[in-house]
Amino acid sequence: MRRAQETPPSGVVAEVAGAAAREHGLPGALLDGYLTALVEVAVHDRRLTRAETRHCRDLGARAAEQGVPLPALVDLYMTASRRLWPRLPRLVADARGRSLGSTGLVAVGEAVWQGADTALAALAAGHEEAQREVVRREEAFRREFVDDLLTGRSDVGSLVERAERLGLALTGSHTVTVAATDRPADSGMHLTKWLEDEARMRFGGRGLLVAAKDGRLVSVISSGPAQGRDGDGHALAEAAGPAVARLTRRPRWRAGVGRSHPGPRGVLRSYREAVEALEVAERLDLPDRVVHARDMLVYRVLLRDEAAISDLVGTVLGPLSDARGGPEALVATVEAYFADGRNAASAARRLHLSVRAVTYRLQRVRELTGYDPADPADQLPLMVAVTGARLLDWPATALSTV
C-alpha cells in the first residue's frame, strides 16, 4: 500500500499520454507534466499551483511555435483527460490507502475537472500570446524587408535570401502596383493577407507580396509569361484599389502600375515608376483609376527638364495672368477644348458652360498669348504648355526662375 504523499506510477501517465498523442498525431511532449498534475490534484484535492499553471501556459506557447492549432491542442488535452479518468479512482485510492466512496469520487471529479479547466485556460493564453508574438515578428520582418527592397538600401544577396522566406524569387521579373486614396493606409496584416489570398486565388502559385508603405498599398507580383498590354499588374491594381478604399473608408482610389523589370533592382525600378505614374495622374487629374507607367513616359520627358518646361509655361501661358479673375479658367478651357478634339460644344458640356462662353474664353487666350487654339500651328505649344502647367501645379505654384 502506497503512502498518501507518493505519486502514482509514471508508467500510467506515460501510457495515457502516448495513446492520446498517437490518436491525434501530435508530439507527446506537449502533454509534459499535465497528466501528472491532474493526478496530484485528484490525490490531494487541491487546485493547480502557480508553477503548474505557468507550465501549461508555456506548453501552449510551445505548441504555437510548432504550428499546432489551438483546437487540435485542446482536443489532445481533452482526449488525454478522458483516457486518464477511468484510471484515476484506483490511483487515488492506492495513493490515499483507502477506497473511495461515492462522495469521494464526486470530490475527485470536481477537483480534476476544475484543474483541467484551469490548465486549458492557461494553455490557450500561452498559445494566443505566442501567436501574437509570431505575428509581430512576421510584421517586423516584412516591414524591414519591404523598406530595404523599395529603397535599395540592402545588398542584392541579402534581399534574394530574405525574399525566399516570403515566397518571392527575386531573380525573375516582377511588376509593382501602388494603390492609394487621399487618406494614408496603415500596415495592418489583415488587409495585406486578405489581398494576397485573393490574388493567389486568381494568379495561382505566382510570387506575391503585399505591404503598406508611405500610406499606400504596394503589391509585387512575379511577371507571368506572354503578358498582354495591361498584364497581371492591371488586374492586381484593380483588386488593390478597392481594398485600400475599404481600409481608408474613402470611395475614390487610384492605382499606378510600373513596368516589369528583372531582379531586385528591377522591383525598385518598377515601384518608382508606379509611384511616379500615380503622382502624375493626380497632378493631371486623369479620369483613369488605373494608370500605367508606360503611358506616363511623355510626362516624364516633360518633367525631366523642369527649367525648360517652366520657361515654356511662363512664355506661352504667363500672359493669361493679366486676365480678369486670373488664368485658371482660361487654362481649364484650353485643356477641355483639346481633350474634346477641339470641339467647342463638347468642351462647353464638360465645363458646364455655354458654347458662347467657351468661344469667348478661347478668343481671350488668343488675344493675350498670341497663340490661337484653333490654329494647327499653335496647338502643339499650347497643349504642351497646358500639360506642363498641370504638372507644375501652375498657377497655384510659382514657376521656377532657374
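What you are looking at is a predicted structure, and each value in this text was computed from that prediction instead of being measured. Each residue is numbered by its place in its chain's sequence as written, counting from 1. A pLDDT threshold of at least 70 governs which residues receive local features in this predicted model, and a stricter bar of 80 or more applies before side-chain atom pairs are shown or counted, although totals over entire chains, interfaces and linings include all residues. Values reported for side chains reflect all heavy atoms of the structure, with hydrogen atoms and water molecules removed beforehand.

## Some remarks on the overall build of the chain
Only DSSP runs of H or I reaching four residues or more are called helices, and only runs of E reaching two or more are called strands; each is numbered from the N terminus. The secondary structure content of the chain amounts to 16 helices and six strands. A radius of gyration in this sense is built from C-alpha atoms; the matching globule rule multiplies 2.2 Å by the number of residues raised to 0.38. A compact globule built from 402 residues would reach a C-alpha radius of gyration of about 21 Å, whereas the chain, at 35 Å, exceeds it by more than 25%. Principal-axis analysis of the C-alpha atoms gives the chain an extent of 115 × 45 × 35 Å. Burial statistics for the chain: of 402 residues in total, 45% are counted as buried. Across the chain, contacts joining residues at least 24 apart in sequence account for 72% of those joining residues at least 6 apart. Type-normalised accessible area, obtained with a 1.4 Å probe on protein chains alone, sets the label of each residue: buried when under 20%, exposed when over 50%, and partly exposed for intermediate values. We call two residues in contact whenever any of their non-hydrogen atoms come within 4.5 Å of each other.

## A closer look at the nonpolar core
Ranked by internal contacts, the top residues of the largest apolar core, which has 36 residues, are Leu-31, Tyr-34, Leu-35, Leu-73, Leu-76, Tyr-77 and Leu-84. Mapped onto this core, the elements with two or more residues apiece are helix H1 (10-24), helix H2 (34-44), helix H3 (50-65), helix H4 (70-84), helix H5 (88-96) and helix H6 (102-151). Filtering out sequence-adjacent residues up to four positions away, Leu-84 remains in contact with Val-16, Leu-35, Leu-38 and Val-39. Only buried residues count toward a nonpolar core, which is a set of Ala, Val, Leu, Ile, Met, Phe, Trp, Tyr and Cys residues joined through side-chain atoms within 4.5 Å. The next biggest cluster of nonpolar side chains, apart from the first, holds 34 residues, and it includes Leu-284, Leu-317, Tyr-337 and Phe-338.

## A few points about the environment of Ala-332
The residue Ala-332 is located in helix H13 (residues 328-339) in this model. A C-alpha to C-alpha distance of 9.9 Å links Ala-332 and Arg-361, two positions 29 residues apart in sequence. Ala-332 has contacts with Leu-351 and Arg-390, leaving out every residue within four places of it along the chain.

## Concerning the environment of Leu-320
As for its placement among the helices and strands, Leu-320 is situated in the loop between helix H12 (306-317) and H13. Measuring from C-alpha to C-alpha, the distance between Leu-320 and Met-383 comes to 15 Å, with 63 residues separating the pair along the chain. Non-local contacts of Leu-320, meaning those with residues more than four positions away in its chain, are made with Gly-326, Pro-327, Leu-330, Val-331, Val-365, Leu-368 and Thr-369.

## Describing the packing of helix H11 (residues 297-304) against helix H16 (residues 376-391)
Helices that pack against each other are described as a pair by the angle of their axes relative to one another and the distance between those axes. Note on geometry: axes are C-alpha line fits, over the in-contact stretch for helices, and angles between N-to-C directions span 0 to 180 degrees. For the pair H11 and H16, interaxial distance at closest approach is 11 Å and the crossing angle is 80 degrees. As far as their axial angle goes, H16 and H11 are roughly perpendicular. Residues Tyr-299, Leu-302 and Leu-303 of H11 lie in contact with H16, whose contacting residues are Val-384, Thr-387 and Leu-391. When its residues are assigned to classes, the contact of H11 with H16 shows five nonpolar, one polar and no charged. Geometric relationships in this document are graded by angle, where less than 35 degrees denotes roughly parallel, more than 145 denotes roughly antiparallel, 65 to 115 denotes roughly perpendicular, and other angles denote oblique. Any residue outside Ala, Val, Leu, Ile, Met, Phe, Trp, Tyr, Cys, Pro, Asp, Glu, Lys and Arg is labelled polar, Gly included; the first ten of those are nonpolar and the last four are charged.

## Considering the pattern of salt bridges
For salt bridges, the criterion is a side-chain nitrogen of Lys or Arg within 4 Å of an Asp or Glu carboxyl oxygen. Scanning the entire structure with this criterion turns up 22 salt bridges. In this structure, Glu-52 and Arg-46 form a salt bridge, with 3.0 Å as the shortest nitrogen-oxygen distance. Among the residues examined, Arg-46 registers a relative accessible area of 25% and is labelled partly exposed. Between Asp-148 and Arg-162 there is a salt bridge whose closest N-O contact spans 3.0 Å. Separated by 14 residues along the polypeptide, Asp-148 in helix H6 and Arg-162 in helix H7 (residues 156-165) bring together distant segments of the chain. For Arg-162, a relative accessible area of 15% translates into the label buried.

## Focus: H13
Take the residue count of a helix, subtract one, and multiply by 1.5 Å to get its expected span. The terminal C-alpha atoms of H13 lie 16 Å apart, and with twelve residues this matches the ideal 16 Å at 1.5 Å per residue to within 8%. Restricting attention to buried positions, one finds in H13 the residues Leu-330, Val-331, Thr-333, Val-334, Ala-336, Tyr-337 and Phe-338. Remark: Gly-341 follows H13 within two positions and exhibits a positive phi of approximately 70 degrees.

## Here's the deal with the confidence of the model for the chain
Looking at the chain as a whole, the pLDDT averages 85, with 93% of positions reaching at least 70. With pLDDT under 50 throughout, residues 1-8 is counted as low confidence; its partners more than four residues away or in other chains account for 17 contacts. The pLDDT value expresses, per residue, how confident the predictor is, ranging between 0 and 100.

## Quick word on the packing of H13 against H16
For the pair H13 and H16, the least separation of the axes is 10 Å and the interaxial angle reads 120 degrees. Comparing the axis directions of H13 and H16 gives the class oblique. Considering the relative orientation of H13 and H16, their crossing is left-handed. When H13 is examined against H16, the residues Val-331, Ala-332, Val-334, Glu-335 and Phe-338 are found in contact with a partner set consisting of Gln-379, Leu-382, Met-383, Val-386 and Arg-390. Counted by class, the contact of H13 with H16 contains seven nonpolar, one polar and two charged residues. Working rule for handedness: look at the near helix, and if it is turned counterclockwise from the far one by less than a right angle, call the crossing left-handed; if clockwise, right-handed.

## What to know about the packing of aromatic side chains
By convention here, two paired aromatic rings are described through the distance between centres and the angle between planes. Stacked, edge-to-face and tilted are the three classes for Phe, Tyr and Trp ring pairs, Trp counted by its six-membered ring, which pair at centre distances within 6.5 Å; planes under 30 degrees apart are stacked, over 60 edge-to-face, the rest tilted. Scanning the model with the defined rule gives three aromatic pairs in all. Here Tyr-34 and Tyr-77 contribute two aromatic rings whose centre-to-centre distance is 4.5 Å and whose plane-to-plane angle is 45 degrees, an arrangement assigned as tilted. On the criterion of sequence distance, the pair formed by Tyr-34 in helix H2 and Tyr-77 in helix H4 is long-range, its members being 43 residues apart. Of the two residues, Tyr-34 and Tyr-77, neither departs from the other in class, the shared state being buried. Measuring from ring centre to ring centre gives 5.8 Å for Tyr-337 and Phe-338, while their planes differ by 50 degrees; the resulting arrangement is tilted. Looking at Tyr-337, the relative accessible area reads 8%, which means it is buried. Assessed through its relative accessible area of 15%, Phe-338 is described here as buried. Its guanidinium or amino end placed over the ring of Phe-141, Arg-165 lies 3.8 Å from that ring's centre, counting from NZ or CZ. We call a charge positioned above a ring when the Lys NZ or Arg CZ atom is no farther than 6 Å from the ring centre and deviates by at most 35 degrees from the ring normal.

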